[in-house]
Each structure stands twice: as C-alpha cells, then as structure tokens.
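Tertiary structure, described
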Amino acid sequence: MKIPSNNKFRNLHPVERWASVIGGGLLAASGAQRGKAGALRMAAGAALIGRGLTGRCQLYRALGVRTAGSNATLPYQSGVRADASITVNQTREELFQFWRKLENLPQVMRHLVSVKALDGGHSHWVAKGPADKQIEWDAEIINEIPNELIGWKSLPGSDVACAGSVHFEDAPGGGTEIRVELQYSPPAGFLGAYVAKLLGREPEQEIQNDLRRFKRIMEGGDLSPASDQPRGWSKARETVNQKLHQALG
C-alpha cells in the first residue's frame, strides 16, 4: 500500500504516518473481534489510519508542531510550522512583483516593523515579538522562480531562526492562489511559541490574517486595521500586553 504524499499541509514524518496506519489497523482489528464492546477501539483505530493516510495531525497543527521533513525552501526541520493560503483576483505576475519588493511586506504583515533590501538577495527584517519587543534578523532568498515561488531563510546570528516560502499558482476558478509556508524557532523555543498563542499570536492565524489583508490591498478593498481582527481583539490584546509589560518590568 502506498501512502498518499500530495497533501501540501501534512505535518507528520513518513515513519510516523506508517506507524499510525499499522497501529490503527491493529487497533481496529482488535476492536472488531470484541463486537459492540470494541466500538471505541475501532473508532480510535480508524482515526489513526486516517491520520497516517492524510499525513495530518490536528493536535500537532493546533500546537504548531511538525515532524514531517522539509523541502529545499524550508531547511529547518524543528520549530514551529504554519501554513496558510488564499485566492486573490489578480494575475500571478502582479502579485509576485508586489511580494518580491520586500519593502512592501510590512503593509501586509502587521507584525513586521520594516524590511530593508540589501545587496543581492539579502535583506534585514525587524518585527514585533512578545510584549511588542522588537526582534531582528538578516535573511537571504534561497530559491526564486519568477511568478511562481520565493523561498528564504534567516542567516546565522539572527534573533530568530526561520525559513519560509510563498507560492503563486493559477486558481481553478480564476485568479491566483497564494500559499505561504513558514517555519521558525521562537527566541524562547516552544515555550515562546506557547506564550505567543496565549497573547493572540497564533502563527497560522496571523499568517491567514496577513493574507486576507494582502487580498484586500491587491483587490482595492478595506485596509483599516479594524477589518483585520475580530471584534474585541484589539482591546483584549492591549490588556494582555500591558500586564506582560508590567511582569517584565
């Protein structure tokens, strides 16, 4: 049996996928032998089989954990993983040109303070960390296919180790599908990622919000900050940040 491998958001290592399929099969078979008393085992076995076949674990996704190997544009195999996508009613060429001019990205990504292009494919990034403290890193573009792909990674000595890629593909119904993949090790490791979630900085949701803003920019829609967040979000975040500032002195 061949395990499907075309799921672009899978987060399980191939060994873990096979273990899930085999373990789930054994568990389901054990439950079937017990009749009605084994219904729970059969359900758990089926869930494990599905986990292995799809390569996706919802618990891992909720925690931002990924055990699947990376590709050339995402060289880091540990840390926090986030994926998001959206369809924009513009051509790949136009969207690629906007994104490739890195100085445009703070307009899209609300956590970014600035991006400055340096020589060649190198750039300097400044972002807001927990409690709105700034973190900085230098990055280089490691893979670029015009109108299709931009891949980058941070350089040694940066405040945060990260790698990412943005893909531009023709959408089936027209327009362009933008898909962002990001992987990073927070300054405080997984503890930092957990604290970030508590502060409303869940990476995957942040990226999805950024892509919604990108869509509005490129389609000429509402760019007001209030349109980016659910009602009450800004006030809640302000309160939490005030408390964290007090705790950090």
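All right, on to the confidence of the model for the chain then. For the chain, mean pLDDT is 76; residues scoring 70 or higher make up 66% of the total. At the low end of the mean pLDDT range in the chain sits helix α8 (residues 233-248), at 47; at the high end sits helix α4 (residues 92-100), at 95. Note on residues 70-77: pLDDT is under 50 here. Beyond four places in sequence and across chains, it has 31 contacts. Note on residues 229-234: pLDDT is under 50 here. Beyond four places in sequence and across chains, it has four contacts.

Tracing the sequence through the fold places Ser 165 in strand β6 (residues 161-170). Only 3.0 Å separates the side chain of Ser 165 from the side chain of His 167, close enough to count as a polar contact.

Taken N-terminus to C-terminus, the directions of helix α1 (residues 14-33) and helix α2 (residues 39-54) make an angle of 160°; their axes are 7 Å apart at the nearest point. Judged on the interaxial angle alone, α2 and α1 are roughly antiparallel. Judged by the twist between their axes, the crossing of α1 over α2 is left-handed. The residues of α2 that touch α1, namely those facing Glu 16, Arg 17, Ser 20, Val 21, Gly 23, Gly 24, Gly 25, Leu 27, Ala 28, Ser 30, Gly 31 and Ala 32, are Arg 41, Met 42, Ala 44, Gly 45, Leu 48, Ile 49, Arg 51, Gly 52, Leu 53 and Thr 54. Class assignment for the residues of the contact of α1 with α2 results in nine nonpolar, nine polar and four charged.

A separate point is α4. Because each turn of an α-helix spans 3.6 residues, side chains separated by three or four positions end up pointing in the same direction. For α4, the set of buried residues is Arg 92, Leu 95, Phe 96, Phe 98 and Trp 99. Buried residues of α4, viewed axially, fall in a sector of 165°; they line one side.

Attention shifts here to the sheet that holds β6. In a beta sheet, neighbouring strands pair by backbone hydrogen bonds and run either parallel or antiparallel. Read from one edge to the other, the open sheet built from seven strands follows the order β1-β7-β6-β5-β4-β3-β2, with strand pairing classed as antiparallel. Bordering the open sheet on either side are β1 (80-88) and β2 (112-117), each of which pairs with just one other strand. In this sheet, adjacent strand axes meet at a mean angle of 20° when their direction is disregarded. Where strand β3 (residues 122-128) and strand β4 (residues 134-145) come together, seven bridges link them in antiparallel fashion. Along β4, the bridge assignment pairs Ala 127 with Ile 135. Where helix α7 (residues 203-219) meets the sheet, its contacts fall on β1 and β7 (176-185), and the angle it forms with β1 comes to roughly 25°.

Counting residues in hydrophobic clusters, the biggest one holds 35 residues, and the most contacted among them are Trp 99, Trp 137, Ile 178 and Phe 214. Beyond its immediate chain neighbours, meaning those up to four positions away, Trp 137 contacts Leu 112, Ser 123, His 124, Trp 125, Ala 127, Ser 154, Ser 158, Asp 159, Val 160 and Cys 162.

Here α7 spans 24 Å end to end across 17 residues, near enough to the 24 Å set by a 1.5 Å rise per residue. Most of α7 sits inside the fold, with 13 of its 17 residues counted as buried. Two residues or fewer past α7, Gly 220 is found with a positive phi of approximately 75°.

Let us look at a nonpolar patch on the surface. Together, Trp 18, Ile 22 and Leu 26 line one region of the surface with nonpolar side chains, adding up to about 320 Å² of accessible area. You can see Ile 22 is positioned in helix α1.

Reading the values: the criteria
Residues numbered from 1 in each chain as written. Predicted model: local features only at pLDDT ≥ 70, side-chain atom pairs only at ≥ 80, totals over all residues. Heavy atoms only, no water. pLDDT = per-residue confidence, 0-100. Helix = DSSP H or I, 4+ residues; strand = E, 2+ residues; numbered from the N terminus. Contact = heavy atoms within 4.5 Å. Polar contact = N/O pair within 3.5 Å; in protein donor to acceptor, adjacent residues only side chain to side chain. Axes fitted to C-alpha atoms, helices over the stretch in contact; angles between N-to-C directions. Parallel < 35°, antiparallel > 145°, perpendicular 65-115°, else oblique. Left-handed = near helix turned anticlockwise from the far one by under 90°. Nonpolar A, V, L, I, M, F, W, Y, C, P; charged D, E, K, R; others polar. Buried < 20%, exposed > 50% of the residue type's maximum accessible area, 1.4 Å probe, protein only. Arc of directions from axis to C-beta. Pairing = 2+ DSSP bridges. Core = buried A, V, L, I, M, F, W, Y, C linked by side-chain atoms within 4.5 Å. Expected span 1.5 Å × (residues − 1). Patch = residues over 30% accessible without salt bridge, like charges linked within 9 Å, V, L, I, M, F, W, Y side chains within 5 Å. Areas by Shrake-Rupley, 256 points an atom, 1.4 Å probe, with all protein chains shown as cover. Salt bridge = Lys/Arg side-chain N within 4 Å of Asp/Glu carboxyl O.

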